[in-house]
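Structural overview
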Amino acid sequence: MAGVVGELKEIKEGQSNVEVRPITEVAIVKEEEKQEHPKENKSIKTEQNEEKKEIEPKTRIAFPVKLADGKKLMSIGLRRKKVFAININIYAFGIYGDDVKLKEVVKAKFESPKEPTREMFDTVIDVDAGMMVRLVIVFGGLSMSMVRKSFDEGIGASLKKLNGGKTDKELVSKVMGSATDDIKLPSGSVIEISRLPGFVLQTKVKGEVISVVQSKLLCRAYFHLYLGDDPFDKEAKEKFGSSLLSLF
């Protein structure tokens, strides 16, 4: 402040033709200049670049509507399990799909359907098109051994339905691959299971690939859990059906 006063005094004494304004007025002018030439608005930039997300209502877990590889979110849901007559939220999930490929497949086979049919869901389960289910753990204290057991039971039963009553425990056990049973999966942990081109089922746990298995039957059995006759979440299956209809 003393420096600014000195400068104003010097100008007044040495240059009588220069208008000297009070310090408060100078401050106001500077503020006005800032407004005339504002700096980049970071909040707007952040809002424009912010990743769009959809919220699973029961858990408030957010899922991006589009992945880096282009797959789009087609449905969200919740996996619940009854323990001692109490329904426990195990994980929220988002089902993603290559909408371009899926559109190509369903439009070639179906002509402007008014509602999703079993045949449409079966087509999605059977087709060689990129899909992924992102699981976000809700139940705290979950271990890999518990997840492995749940997957072995679920996929095993699904595979049996699709395989004429035959079981294949060795194939089912490959889904969790190299993941050790002592891995902890606290709330918020992410598991991603993808169907890649060539009927390859890839499993990632917390960003690390733990298995890659080429098997059409295994791919079908896995997505049958979410889109088959007895899905984990019926509302999620219905939402997926609506997304399919929107492709027409």
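As a reminder, the structure under discussion sits directly above these lines.
For clarity, every value in this text was computed on a predicted model and none was experimentally measured.

1. Overview of the overall build of the protein
- Helix and strand content of the protein: 9 helices and 10 strands.
- Expressed as a percentage of the 248 residues in the protein, the buried residues total 38%.
- Summing over all exposed atoms, the protein offers an accessible surface of approximately 15100 Å²; the carbon and sulfur share of this is 50%.

2. Quick word on the pattern of salt bridges
- Counted according to the given criterion, the structure contains 9 salt bridges.
- In this structure, the salt-bridge partner of Asp229 is Arg118, at a minimum N-O distance of 3.2 Å. Of the two residues, Asp229 sits in the loop between helix H8 (216–227) and helix H9 (234–245) while Arg118 sits in helix H5 (residues 118–126), which places them 111 residues apart along the sequence. Residue Asp229 shares its accessibility class with Arg118, and that shared class is exposed.
- In this structure, Arg220 and Asp126 form a salt bridge, with 2.7 Å as the shortest nitrogen-oxygen distance. Taken as a pair, Arg220 in helix H8 and Asp126 in helix H5 lie far apart in primary sequence, 94 residues in all.
- Classification of Asp126 as partly exposed rests on a relative accessible area of 30%.
- What you see here is one network of salt bridges that share partners, running through Arg118, Asp122 and Asp229.

3. Thoughts on the sheet that holds strand S4 (residues 86–97)
- Taken in spatial order, the 6 strands of this open sheet run S3-S4-S5-S8-S9-S10, and their pairing is antiparallel. Both edges of this open sheet fall to strand S3 (72–83) and strand S10 (208–214), since each of them pairs with a single strand only. Between one strand and the next, the sheet's axes are offset by a mean angle of 20 degrees, whatever the strand orientation.
- Two strands pair when backbone bridges link them, and S4 and strand S5 (residues 131–137) are joined in this way by 7 bridges, in the antiparallel orientation. Along S5, the bridge assignment pairs Gly97 with Met131.

4. Some remarks on the nonpolar core
- Grouped together as the largest cluster of nonpolar side chains are 50 residues, with contacts concentrated most on Phe151, Ile155, Tyr222, Tyr226, Leu227 and Phe240.
- What Tyr226 contacts, discounting residues up to four positions off in sequence, is Tyr91, Phe93, Ile95, Val133, Leu135, Pro231, Phe232 and Lys237.
- In terms of nonpolar packing, the next biggest core, distinct from the first, is built from 10 residues, Phe63, Leu67, Ile76 and Tyr96 among them.

5. Looking at the environment of Asp233
- Take Asp233: it is sitting in the loop between H8 and H9.
- Note on Asp233: relative accessible area 13%, which makes it buried.
- Placed 157 residues apart in sequence, Asp233 and Ile76 show a C-alpha to C-alpha distance of 9.1 Å.
- If we ignore the near neighbours within four places in the chain, the residues touching Asp233 are Gly77, Leu78 and Phe93.
- Within the structure, Asp233 has its side chain in polar contact with the backbone nitrogen of Ala236 (distance 3.1 Å).

6. Section: the packing of aromatic side chains
- Within this structure, the stated rule accounts for 6 aromatic pairs.
- Considering the side-chain rings of Phe93 and Tyr226, the 4.9 Å spacing of their centres and the 65 degrees angle between planes classify their relative orientation as edge-to-face. Of this pair, Phe93 sits in strand S4 while Tyr226 sits in helix H8, placing them 133 residues apart in sequence.
- Phe93 sits in the buried class, given a relative accessible area of 1%.
- On the basis of relative accessible area, Tyr226 is assigned to the buried category, the value being 2%.

7. Quick word on the pairing of strand S1 (residues 53–56)
- Direction of pairing for S1 relative to strand S2 (residues 61–64): antiparallel, over a ladder of 4 bridges. Across the sheet, residue Glu56 finds its bridge partner in S2, namely Ile61.
- Between S1 and the antiparallel strand that follows it, S2, lie 4 residues; Arg60 among them carries a positive phi value of about 65 degrees.

8. Some details on the pairing of S4
- In terms of strand pairing, S3 meets S4 through 11 bridges, oriented antiparallel. When the sheet's bridge partners are listed, Ser75 is paired in S4 with Ile95.
- Counted along the chain from S3 to the antiparallel partner S4, the turn is 2 residues long, and its residue Phe84 has a positive phi close to 50 degrees.

9. Structural notes on the environment of Thr117
- Residue placement: Thr117 occurs in the loop between helix H4 (99–109) and H5.
- Along the primary structure Thr117 and Gly241 are separated by 124 residues, whereas in three dimensions their C-alpha atoms are 8.1 Å apart.

Calculation rules
- Residues numbered from 1 in each chain as written.
- Predicted model: local features only at pLDDT ≥ 70, side-chain atom pairs only at ≥ 80, totals over all residues.
- Heavy atoms only, no water.
- Helix = DSSP H or I, 4+ residues; strand = E, 2+ residues; numbered from the N terminus.
- Buried < 20%, exposed > 50% of the residue type's maximum accessible area, 1.4 Å probe, protein only.
- Areas by Shrake-Rupley, 256 points an atom, 1.4 Å probe, with all protein chains shown as cover.
- Salt bridge = Lys/Arg side-chain N within 4 Å of Asp/Glu carboxyl O.
- Pairing = 2+ DSSP bridges.
- Axes fitted to C-alpha atoms, helices over the stretch in contact; angles between N-to-C directions.
- Core = buried A, V, L, I, M, F, W, Y, C linked by side-chain atoms within 4.5 Å.
- Contact = heavy atoms within 4.5 Å.
- Polar contact = N/O pair within 3.5 Å; in protein donor to acceptor, adjacent residues only side chain to side chain.
- Phe/Tyr/Trp six-rings, centres within 6.5 Å; stacked < 30°, edge-to-face > 60°.

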